[in-house]
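# Working through the structure, step by step
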Amino acid sequence: MDVVPEERPAHSGPNRPSDRKQPRHQHETMRQFEVQAATELSKEPTRVSRPESNGPSTIMKSARIATPAPEDEPGFVVLAQGPVLKAEPAGPCPRCNRWEEPSCDCHRLKELSTLFNAAMIPALYIKATLQPQKTHNESSASLRRTVTAVQEWARRERPPEQGLLLSGPNGVGKSFLMAALARSLTLEHGIRCLFVDFGNLLLRIKATFNGQGLEYELFESLQQPQVLIIDDVGSHRDSTWSRAVFQTIIAARYNACGRTFVTTNLPITSTGAGSFGGFEKWAGPHCTSRLAEMCFWFHVDGPDRRRQPRSRLSSNLPHKA
């Protein structure tokens, strides 16, 4: 699969540091933010001419959307292998009787499955897809708006400049949506993604202490994907060090113009003074300012789908004879 490199200046358009105005979120409510984000995502992508460069290509590259698979070409089988999901073609290609023949169009299936396998999507989300699904009656309007925004982001031919930041209580589907997005971007669009649980990332970084540069290599690996998803930010034991790790990652992605997605339980309700509540208190004003430019912000509300009624739980428990 051919990947079309796109040279991107560090900051293009009206948001250059030299002429950046006060963030609009200082005068908008979160609802206005969500309406603006939905409007922007529904627009056709703007074609921007990129300056040519003779130097090495930047980390970030935009990929063409993968062409639809022919009807006689097998799809994918997604399996849970250990803690993460793995994909492989559903069967041999009926044209070449295999799926690794370079001269056959089905060779791209191997490339797409390799991208999916490198995304490290947790095995829990094996059923996560962006296919249209029936919305539960108890689903909130904010959840429906967020689902629409994620679907719009995924179907764009060229990835939008901004990612998404989803905030809300436990069990409303934020991580599920991000896993579904990673699945769509890798298997359907050929875009390199990485799904990272923030708590697990902190443990991995601690494991590299005194590891002769392994910590730096781990941070570098977070800058390579075109799309980075950082899940469950701020829900683990708080510390100055954990906040510094997050701030370092966001600063690097910001400078590289990386598409970044964040989920968090921390509140982001906007006020007239432009504060983003608990999230800004945790992440700091500088990091929050960068994320305000990097992401569309959505507050997701709704019931905790992990909590079943007590009657259903008790019916699944073993009974004494």
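Residues numbered from 1 in each chain as written. Predicted model: local features only at pLDDT ≥ 70, side-chain atom pairs only at ≥ 80, totals over all residues. Heavy atoms only, no water.

## Re the overall build of the protein
- Helix and strand counts for the protein stand at 10 helices and 7 strands.
- Buried positions account for 41% of the 321 residues belonging to the protein.
- Here the contacts in the protein between residues at least 6 apart in sequence split such that 78% fall between residues at least 24 apart. (Helix = DSSP H or I, 4+ residues; strand = E, 2+ residues; numbered from the N terminus. Buried < 20%, exposed > 50% of the residue type's maximum accessible area, 1.4 Å probe, protein only. Contact = heavy atoms within 4.5 Å.)

## Let's talk about the pairing of strand S7 (residues 295–299)
- Judged by how many residues are buried, S7 sits mostly within the fold: 4 of 5 residues are covered.
- Where strand S3 (residues 163–167) and S7 come together, 5 bridges link them in parallel fashion. Its bridge partner being in S7, Ser167 is matched across the sheet by His299. (Pairing = 2+ DSSP bridges.)

## Looking at the confidence of the model for the protein
- With 65% of its residues at a pLDDT of 70 or more, the protein shows a mean pLDDT of 75.
- Of all the helices and strands in the protein, helix H10 (residues 310–315) carries the lowest mean pLDDT, 49, while strand S4 (residues 193–197) carries the highest, 97.
- Ignoring residues within four places in sequence, the model shows residues 1–27, a span with pLDDT below 50, making 55 contacts including any to other chains.
- Contacts from residues 44–73, a stretch scored under 50 in pLDDT, to residues over four places away or in other chains number 64 contacts. (pLDDT = per-residue confidence, 0-100.)

## Some thoughts on empty space enclosed by the protein
- In total, this model carries 1 cavity of 30 Å³ or more according to the counting rule given.
- Approximately 40 Å³ is the volume attributed to the largest cavity.
- In terms of residue class, the lining of the largest cavity is built from 3 nonpolar, 4 polar and 2 charged. (1 Å grid on protein atoms, 1.4 Å probe; cavity = no way out; pocket = protein on both sides within 12 Å on 5 of 7 lines; lining within 4 Å. Points joined across faces, edges and corners; volume = space filled by probe spheres on them. Nonpolar A, V, L, I, M, F, W, Y, C, P; charged D, E, K, R; others polar.)

## Some thoughts on the nonpolar core
- Counting residues in each nonpolar core, the largest one holds 35 residues, and the members touching the most others are Ile121, Leu164, Met178, Leu181, Val227 and Phe261.
- Broken down by secondary-structure element, the contributors of at least two residues to this core are strand S2 (84–89), helix H3 (141–155), S3, helix H4 (174–187), S4, strand S5 (227–233) and S7.
- Top element by residues in this core is H4. It accounts for 8 residues.
- Ignoring anything within four residues of it in the chain, the contact list for Ile121 reads Pro83, Val84, Leu85, Phe116, Ala179, Ala182, Arg183 and Phe195. (Core = buried A, V, L, I, M, F, W, Y, C linked by side-chain atoms within 4.5 Å.)

## Brief notes about the sheet that holds S7
- The strand order across the open sheet formed by 5 strands is S4-S5-S6-S3-S7, and the pairing between neighbours is parallel. The two strands at the open ends of the sheet, each matched to only one other strand, are S4 and S7. Going across the sheet, the axis of each strand differs from the next one's by a mean of 15°, ignoring polarity.
- Packing against the sheet, helix H9 (residues 285–294) makes contact with S3, strand S6 (259–264) and S7, and its axis sits at approximately 100° to S7. (Axes fitted to C-alpha atoms, helices over the stretch in contact; angles between N-to-C directions.)

## Notes on the packing of helix H5 (residues 198–207) against helix H6 (residues 214–221)
- Running from N to C, H5 and H6 cross one another at 150°; their axes reach a closest spacing of 8 Å. When the axes of H5 and H6 are compared, the pair comes out roughly antiparallel. In this structure, H5 uses Leu201, Arg204 and Ile205 to contact H6, whose residues at the interface are Glu215, Leu218 and Phe219.
- Broken down by class, the residue content of the contact of H5 with H6 amounts to 4 nonpolar, no polar and 2 charged. (Parallel < 35°, antiparallel > 145°, perpendicular 65-115°, else oblique.)

## Things to note about the pairing of S2
- The pairing of strand S1 (residues 76–81) with S2 spans 6 bridges and is classified as antiparallel. Opposite Val78, over in S2, you have Ala87 as the bridge partner.

## Notes on the packing of aromatic side chains
- One pass over the structure, following the stated rule, counts 7 aromatic pairs.
- Aromatic side chains Phe246 and Trp282 sit 5.5 Å apart centroid to centroid with 55° between the ring planes, which places their arrangement in the tilted category. Placement of the pair is Phe246 in helix H7 (residues 240–255) and Trp282 in helix H8 (residues 277–283), with a sequence separation of 36 residues. Note on accessibility: Phe246 and Trp282 belong to one class, buried.
- A ring pair is formed by Phe279 and Trp297, whose centres lie 5.6 Å apart and whose planes are at 90°; its orientation type is edge-to-face. Taken together, the residues span a long stretch of sequence, with Phe279 in helix H8 and Trp297 in strand S7 at a distance of 18 residues. This pair shows no difference in class: Phe279 is buried, exactly as Trp297 is.
- One aromatic cluster is present, built from ring pairs that chain together Phe198, Phe246, Phe279, Trp282 and Trp297. (Phe/Tyr/Trp six-rings, centres within 6.5 Å; stacked < 30°, edge-to-face > 60°.)

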